[in-house]
Each structure stands twice: as C-alpha cells, then as structure tokens.
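Next come the chains, spelled out residue by residue.
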Amino acid sequence: GAVVSQHPSWVICKSGTSVKIECRSLDFQATTMFWYRQFPKQSLMLMATSNEGSKATYEQGVEKDKFLINHASLTLSTLTVTSAHPEDSSFYICSAIANYGYTFGSGTRLTVV
Amino acid sequence: QQQVKQSPQSLIVQKGGISIINCAYENTAFDYFPWYQQFPGKGPALLIAIRPDVSEKKEGRFTISFNKSAKQFSLHIMDSQPGDSATYFCAASSSSNTGKLIFGQGTTLQVKP
C-alpha cells in the first residue's frame, strides 16, 4: 500500500520549453505532497510543499514562477518546469505522507538540451 | 537549525561486516527520524524509522540507535551484503512544521564481496 506513481521517469526537452511532471497517490489520499530536486551525487533538496486546494509553499531560493506546482486533487500533484534551461537538468522526486510515513515516487530525470 | 549532518560521505565494508552511518541534528522539534536507501536512478525507499521516545529500533539486519540528549542517531547494518551497496540518507521531520522532511548529505556504501 501507499504507492506514489511519478511520470515520466525521464524526459529530454529543448531549452526554453516547459515540462510537466505528474505525481499520483494510487491507493491513498495525499493532502500534502513534497517536491525535491537531486543533483548527481548530492542529497535531496526540498523545493516546495504542495497542499491540495491551496498554493504551494516554496523553500527559500526556489523560483515559484519557474517551478509551478498544482495540487488540484487529493491524488495528483504536478510540477511544471517553465522555460527550462540546461541548469534545470536534475532528478526530480515527489513524496507524500502516507499512514506509516513518507512514500516517494521513483523520480524523473530531466535533461534540458 | 534545519540541517541534518551525516557522516561519513562514503564507506567501504567487507561482506559480513557492520556498516555504521551517523547523523546529528540541531532542531529539538524534530520528532521523526527515518533512514532511506537509494539506488541510482530510483527514488529513496524507507528502511527503518524511529521516534524520540525509544533509544533503539531493530528490523532485520538494520538497527537505529537514537541518543536524544546528544541529538544524534545512527544506522547499523549487520552482516552487510553486496546488495546493500547503495546511497543511504538519514532524515528528520517535525510534525509541528508541515511535516517536511530534511535530508542528510548521504553516504555511499560499497560492500565488497
């Protein structure tokens, strides 16, 4: 139980375009979801906290206009990287709080060329 | 005060040996301390977690030791196996602070056959 499905698992996009990443809770309702970014050989850095039906809360230094988060339902949160640039290339991971703790998606490898 | 400091950065252990990873925190409001295992290109998977009302928790070959007064906790992997080779992250969260999970820097474990 408590599965979070993240899609796509990898994406390549051209510089200047936007990319949407989806995170779905399959067998539970996720009032709160978290979005992380992980650069190679580094830790997970929290980008924002997503709450169903309200605006996301961004961590200091994260551009909210560049990383648009929408949490329109109890089972779906999306992260849109707008006007992507090569420096946005990273591993993006979502997470949700389930009954026993936090559960993570399998991650999305974004490469901007 | 939100930081979780993890050491060592990397660790090499012989098969059958004990792997020990340490973490320290400052925020006394933290009340949930999980450990995650991550393989390349995958999201982190929960190994074991502890709350501050106990000093030790064991699940199979994995043990968390928790020292509340020192604000430190550690992961012990007994009888380490080559399949345990991965990156390990400690983390901490506070139920009074939106529940966001703060990660340590990570430890790359290599278990030699």
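Residues numbered from 1 in each chain as written. Chains lettered and ligands numbered in written order. Predicted model: local features only at pLDDT ≥ 70, side-chain atom pairs only at ≥ 80, totals over all residues. Heavy atoms only, no water.

A.B. asks: Tell me about the state of the cysteines, and name the residues and values.
C.D. replies: Every disulfide links exactly two cysteines, by a covalent bond between their sulfur atoms. Under the defined criterion, the tally for this structure stands at 2 disulfides over all chains. Two residues, C23(A) and C94(A), share a disulfide whose sulfurs are 2.0 Å apart. Looking down the S-S bond of the C23(A) and C94(A) bridge, the torsion is 80°, so its handedness is right-handed. With C23(A) in strand β3 (residues 19–25) and C94(A) in strand β9 (residues 90–98), this residue pair connects regions lying 71 residues apart in the sequence. The class for C23(A) is buried, based on a relative accessible area of 0%. At a sulfur-sulfur separation of 1.8 Å, the disulfide partner of C23(B) is C90(B). Taking the sign of the S-S torsion, -95° for the link of C23(B) and C90(B), the bridge is left-handed. A residue pair is termed long-range when its members are at least 10 positions apart, and C23(B) in strand β3 (residues 19–25) and C90(B) in strand β9 (residues 86–93) qualify at 67 residues. Taking the relative accessible area as the measure of exposure, C90(B) reaches 0% and is therefore buried. Here C13(A) is not cross-linked by a disulfide; its sulfur's nearest cysteine counterpart is in C94(A), at 18 Å. (Disulfide = S-S within 2.5 Å. Helix = DSSP H or I, 4+ residues; strand = E, 2+ residues; numbered from the N terminus. Buried < 20%, exposed > 50% of the residue type's maximum accessible area, 1.4 Å probe, protein only.)

In short, the description is geometric, and any link to function would need to be established separately.
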